[in-house]
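For reference, the chains in residue letters:
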Amino acid sequence: MFSRRSFLLYVLGAHVLLKMETAWANVQQTIIPKGARLEDLVNKNPAELDTSDLDITPIENFGVMGLEDYEASLEKWRLIVDGNVAEPLTLSYLEVMSLSPLEKTVLLICPGVFAYNGLWKGVSIKELLSKARLKSDNGYVTIRGPEGNYEKVEKFSLPEVLKDQVFLAYEVNGVVLPKKHGFPLRVVAQNHYGSEWVKYVYRVTVHQETPPESRS
Ligand SMILES: Nc1nc2c(c(=O)[nH]1)N[C@H]1C(S)=C(S)[C@@H](COP(=O)(O)O)O[C@H]1N2
Ligand SMILES: [Mo]
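Residues numbered from 1 in each chain as written. Chains lettered and ligands numbered in written order. Predicted model: local features only at pLDDT ≥ 70, side-chain atom pairs only at ≥ 80, totals over all residues. Heavy atoms only, no water.

- In the annotation of an unreviewed UniProt entry, the protein chain is listed under the name Molybdopterin-dependent oxidoreductase and assigned to Desulfomonile tiedjei.

1. Quick look at the overall build of the protein chain
Thought 1: Each helix and strand counted, the protein chain has four helices and twelve strands in total.
Thought 2: Burial status across the protein chain gives 40% buried among its 216 residues.
Thought 3: Here the analysis covers contacts within the protein chain between residues at least 6 apart in sequence; of these, 63% occur between residues at least 24 apart.
Thought 4: Of the roughly 12,500 Å² that the protein chain leaves accessible, carbon and sulfur atoms contribute 53%. (Helix = DSSP H or I, 4+ residues; strand = E, 2+ residues; numbered from the N terminus. Buried < 20%, exposed > 50% of the residue type's maximum accessible area, 1.4 Å probe, protein only. Contact = heavy atoms within 4.5 Å. Areas by Shrake-Rupley, 256 points an atom, 1.4 Å probe, with all protein chains shown as cover.)

2. Focus: the site of ligand 1
Thought 1: In the vicinity of ligand 1 there are 20 residues, among which G63, Y116, H181, R186 and K199 approach most closely.
Thought 2: One of the backbone nitrogen or oxygen atoms of G63 is found 2.8 Å away from an oxygen atom of ligand 1.
Thought 3: Here an oxygen atom of ligand 1 and a side-chain polar atom of K199 are 2.6 Å apart.
Thought 4: Each residue belonging to the shell around ligand 1 can be placed in one class, and the counts come to ten nonpolar, six polar and four charged. (Near = heavy atom within 4 Å. Polar contact = N/O pair within 3.5 Å; in protein donor to acceptor, adjacent residues only side chain to side chain. Nonpolar A, V, L, I, M, F, W, Y, C, P; charged D, E, K, R; others polar.)

3. Describing the nonpolar core
The nonpolar side chains of a soluble globular protein tend to be buried with one another.
Thought 1: Formed by 46 residues in total, the largest nonpolar core has its most connected members in L79, W120, L129, I143 and L168.
Thought 2: In terms of residue count, strand β9 (residues 166–172) provides more of this core than any other element does, six residues in total.
Thought 3: In this view, L168 contacts L79, G122, V123, I125, L128, I143, L185, R186, V187, V201 and V204; residues no more than four positions away in its chain are not counted.
Thought 4: In terms of nonpolar packing, the next biggest core, distinct from the first, is built from nine residues, L41, L54, I109 and A115 among them. (Core = buried A, V, L, I, M, F, W, Y, C linked by side-chain atoms within 4.5 Å.)

4. Re the pattern of salt bridges
Thought 1: Inspection of every chain in the model, using the stated rule, returns eight salt bridges.
Thought 2: Between R133 and E87 there is a salt bridge; the shortest N-O distance is 3.1 Å. Of this pair, R133 sits in the loop between α3 (125–131) and β7 (140–145) while E87 sits in the loop between β3 (79–83) and β4 (89–91), placing them 46 residues apart in sequence.
Thought 3: Judged by relative accessible area, R133 falls into the partly exposed class, the value being 47%.
Thought 4: One salt-bridge network, held together by shared partners, links R37, E39 and D40. (Salt bridge = Lys/Arg side-chain N within 4 Å of Asp/Glu carboxyl O.)

5. Comments concerning the packing of aromatic side chains
Thought 1: Within the structure shown, the criterion is met by eight aromatic pairs.
Thought 2: Measuring from ring centre to ring centre gives 3.9 Å for F62 and Y116, while their planes differ by 15°; the resulting arrangement is stacked. Highlighted residues: F62 in the loop between β2 (49–50) and β3 and Y116 in strand β6 (residues 114–124), separated in sequence by 54 residues.
Thought 3: Residue classification places Y116 among the buried positions, given a relative accessible area of 1%.
Thought 4: Summarising the aromatic geometry, the rings of W120 and W197 are spaced 5.5 Å apart at their centres and angled 65° between planes, so their arrangement reads as edge-to-face. Placement of the pair is W120 in strand β6 and W197 in the loop between β11 (186–189) and β12 (203–207), with a sequence separation of 77 residues.
Thought 5: When its relative accessible area of 0% is taken as the criterion, W120 is described as buried. (Phe/Tyr/Trp six-rings, centres within 6.5 Å; stacked < 30°, edge-to-face > 60°.)

6. Focus: the pairing of β7
Thought 1: In this sheet, strand β8 (residues 152–157) lies alongside β7 in antiparallel orientation, the contact comprising six bridges. Looking at the pairing, Y140 lines up with S157 of β8.
Thought 2: The turn linking β7 back onto β8 is made up of six residues, and G148 within it adopts a positive phi angle of 120°.
Thought 3: When β7 meets β12, the two strands line up antiparallel, connected through five bridges. Bridge pairing links R144 to R203 in β12. (Pairing = 2+ DSSP bridges.)

7. Re the pairing of β9
Thought 1: With respect to burial, β9 is a largely interior element, seven of its seven residues being buried.
Thought 2: Summarising the sheet, β6 and β9 pair through five bridges and their orientation is antiparallel. Looking across to β9, one finds that G122 is bridged to A169.
Thought 3: For β9 and β11, the ladder comprises four bridges, and the chain directions are antiparallel. Within β11, the position partnered with F167 by the bridge is V188.
Thought 4: Between the antiparallel neighbours β9 and strand β10 (residues 175–176) lie two residues, among them N173 with a positive phi of about 50°.

Next comes the structure, spelled out in structure tokens:
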């Protein structure tokens, strides 16, 4: 058992370590002040910015890029989680909504075009993968959307996914994700350019670091 004193020291120590880790991760990040102009961020790399002080952008000031009129039918739409997992999942919209929600303010930059800071709410891919019984923490995921001719696929490393730096949003700024922003589900990817924030997501697949066929 901890004595009261050693428990306090333990908590304090853990707190200091956590702070140091955050400071280290942010070492090369420029702090963007609360009222910064979004036009001044469009040519920046999101990985180099600390936007934790930045205001949330009103939704009417969001830009739109790429596919914007995909019509998802919730009766047919499912989220598939497959690949290097023991129990692949197929979830309906209501099942996705019933998982514990994750909420984060994250800046989207479409290079040279626009930037906006949304408050995104959605589901943790980490939680989806633990439900599906992820087989290994090494490797990457591919995220696809929408199903059909206009499919877009992006890759993210498992370590960043398991830190919830990449997740799937079904709400932004307190409203249901609008169609033009990817209803029913879209990628939110801290430190990645907007082009990787796949809209109309329907599938998350886990890949091992080294494809089995290339091993000798
Ligand atoms: N499925 C799909 N997702 C996509 C695109 C697309 O064309 N198709 N465009 C990408 C680009 S280039 C950007 S900048 C962001 C813009 O997101 P927004 O339209 O919600 O602002 O979506 C990304 N996601
Ligand atoms: Mo973009």
